[in-house]
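The primary structure of each chain is shown beneath.
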Amino acid sequence: MYILEINQLRKFLFEFFLAIITAAIKKSPFDAFKTFNELNPSISDRHQWRQRYPTSFEFHSSSKLSMLFTILLFSSKMPSLAVKLYSIFFKFQQRYMLHNLTQNPVHAVDPFGITSRREESTAASNPSFYEGVATKDIHIDPFSSLCIRIFLPATVVNFDPTTIIEDKSKDGAFIYSGYSPQAGTKHKKLPVVLQFHGGAFVGGSNDSVRNDAFCRRIANLCDVIVVAVGYRLAPESRYPAAFDDGLKVLNWLAKEANLAECGKWMGNGNGRRRADAHVFDGFGASMAEPWLAAHGDPSRCVLLGVSSGANIADYVARKAVEAGKLLDPVKVVAQVLMYPFFIGSNPTASEIKLANSYFYDKSVCMQTWKLFLPEEKFDLDHPAANPLIPGREPPLKFMPPTLTVVAEQDWMRDRAIAYSEELRRANIDAPLLEYKDAVHEFATLDVLLQTPQAQACAEDIAIWVKKYISLRGHEFSY
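Residues numbered from 1 in each chain as written. Predicted model: local features only at pLDDT ≥ 70, side-chain atom pairs only at ≥ 80, totals over all residues. Heavy atoms only, no water.

Visitor: If you had to explain the overall build of the chain to someone new, which residues and values would you point to?
Guide: Secondary structure summary: the chain contains 13 helices and twelve strands in total. Across the 478 residues in the chain, those meeting the buried criterion constitute 52%. Across the chain, the fraction of contacts at a sequence separation of at least 24, relative to all contacts at a separation of at least 6, is 76%. For the chain, the accessible surface area stands at approximately 22500 Å², while carbon and sulfur atoms represent 57% of it. (Helix = DSSP H or I, 4+ residues; strand = E, 2+ residues; numbered from the N terminus. Buried < 20%, exposed > 50% of the residue type's maximum accessible area, 1.4 Å probe, protein only. Contact = heavy atoms within 4.5 Å. Areas by Shrake-Rupley, 256 points an atom, 1.4 Å probe, with all protein chains shown as cover.)

So, in structure tokens, the structure goes:
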């Protein structure tokens, strides 16, 4: 009884202070107050309300004056204070989740695994170009929970929303009302970005509200198809499950590209190629994913990893280099590592200085790595944790161009900087973007997505990525 009341009190206090910080981070306090007054949802509408306003949190009517006072108190002159306060509360929430995972250990490895947790707020997919991007979910591995979410920007329909073709076909009582590539026409091809979400290997998901908003932003700014990977989480599926899932999606992308190409050469009986041909399975279903078959250009593939997802992206990039032409037509042309989850046995200056940082600190990182790595393989210099250990293959000179994003207040920043420096010594294009007074996941987490720093970071990434995905040359550069 008392435990339940304490948990409810903890949850109320967390959401209360989180709402205060959300109001402080908003660009315009009056817009924030208008958003709050516009919706005061009931408990039954809470999920839909969070999907529509993923960076806002509800108050009861008795708290409206408190919120207004807070909005007026916090102005745009103090965004760093609000960000730090939010980071502290997020760290407490993360510790609470890690405590629960530690107290309820998983005694047997689950090969099927899970890709999200109940506490994570999720955004439903929408194949009808909501806010300029259409999304769909696909479960690509029958033997595990591995799944993806595809983000397709509306630019594939020649910038004219009236040309969007929606399939209204019926399958029994089900009616599909979403975008379907028009048959018999030549489609616009876009680069593909494989995105790996953060969450310290134990949390997050590819369909979470925050990851959905971030991927939509990248799809719009870069004009690319984003494939967000829902890899298996620890401790239900420990290392190397998440890394294997990342590589499996890259191989799946190559398979889809080859199936789409086979369909083009099937012909129509007169020896001529058909633009809308597909390879079908024994049940009459198209084996090639329609959106990727019509609009994807896997020869311009970019890997984008966030936090722990950056470790996965770097691993997939290394395996892609080793595979070489075996992945044709997929070609990894660049990778983006956003505040990588790199650690090591020898402490760096930032690890000493920020041992109790605003966001992830030493204790939180140690707990997550212990949950991710098998007990017999736990080592701070494990290849999954430290990219600079001697003897790692392939040599850095074969790695693709790599953009590294770090935050000034990030406990793990020094190792990411050192990795970027090593890449530059190997003559790899590896610029480093460091954001002042920023914390870990400042550009991809909940309310922090609305900060000017987060928007600027996404725009900087888009500028650099376009340098390698442009068909007309390297006209996009710093």
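Visitor: An account of the side chain of glutamate 236 is needed here, citing residue identities and associated values.
Guide: Examined against the element boundaries, glutamate 236 turns out to sit in the loop between β8 (225–230) and α7 (241–264). Given a relative accessible area of 14%, glutamate 236 falls into the buried group. Here the side chain of glutamate 236 touches arginine 117 through a polar contact of 2.9 Å, side chain to side chain. (Polar contact = N/O pair within 3.5 Å; in protein donor to acceptor, adjacent residues only side chain to side chain.)

Visitor: Residues and numbers for the pattern of salt bridges, please.
Guide: Taken as a whole and assessed by the stated rule, the structure comprises 17 salt bridges. Across the salt bridge formed by glutamate 322 and lysine 319, the nearest N and O atoms sit 3.5 Å from each other. On the criterion of helical spacing, the pair formed by glutamate 322 and lysine 319 is a turn pair, its members being three residues apart in helix α9 (residues 308–323). In this structure glutamate 322 comes out as partly exposed when scored by relative accessible area, which is 44%. Given the relative accessible area of 29%, lysine 319 is considered partly exposed. Here aspartate 429 makes a salt bridge to lysine 467, at a shortest N to O gap of 3.2 Å. Within this pair, whereas aspartate 429 is found in the loop between α12 (413–425) and β12 (432–435), its partner lysine 467 is found in helix α13 (residues 452–469), the two being separated by 38 residues in sequence. Note on aspartate 429: relative accessible area 26%, which makes it partly exposed. (Salt bridge = Lys/Arg side-chain N within 4 Å of Asp/Glu carboxyl O.)

Visitor: Please set out the sheet that holds strand β10 (residues 332–338) residue by residue, giving values where relevant.
Guide: Here we have eight strands laid out as an open sheet, ordered β1-β2-β8-β7-β9-β10-β11-β12, and mixed in their pairing. Strands at the two margins of the open sheet, each flanked by one partner only, are β1 (133–139) and β12. The sheet shows a mean angle of 20° between the axes of neighbouring strands, direction not considered. Two strands pair when backbone bridges link them, and β1 and strand β2 (residues 147–153) are joined in this way by seven bridges, in the antiparallel orientation. Bridge assignment links threonine 135 to a residue of β2, and that residue is phenylalanine 151. (Pairing = 2+ DSSP bridges. Axes fitted to C-alpha atoms, helices over the stretch in contact; angles between N-to-C directions.)

Visitor: Account for unusual backbone geometry, with residues named and values stated.
Guide: Of note, the bond from alanine 234 into proline 235 is cis; its omega dihedral lies within 30 degrees of zero at 5°. If you trace the backbone, proline 235 turns up in the loop between β8 and α7. Look at the link from glutamate 393 to proline 394: it is a cis peptide, with omega at -5°. The residue proline 394 is located in the loop between α11 (362–372) and β11 (402–407) in this model. Of note in this structure, phenylalanine 129 is not a glycine but carries a positive phi near 55°. One can find phenylalanine 129 in the loop between α5 (79–103) and β1. Not every positive phi belongs to a glycine, and aspartate 437 is a case in point at roughly 60°. For aspartate 437, the position within the fold is in the loop between β12 and α13.

Visitor: Outline a nonpolar patch on the surface, listing residues and values.
Guide: A cluster of nonpolar side chains, contributed by Leu85, Ile88 and Phe92, occupies part of the molecular surface with about 230 Å² of accessible area. Looking at the element boundaries, isoleucine 88 is found in helix α5. (Patch = residues over 30% accessible without salt bridge, like charges linked within 9 Å, V, L, I, M, F, W, Y side chains within 5 Å.)

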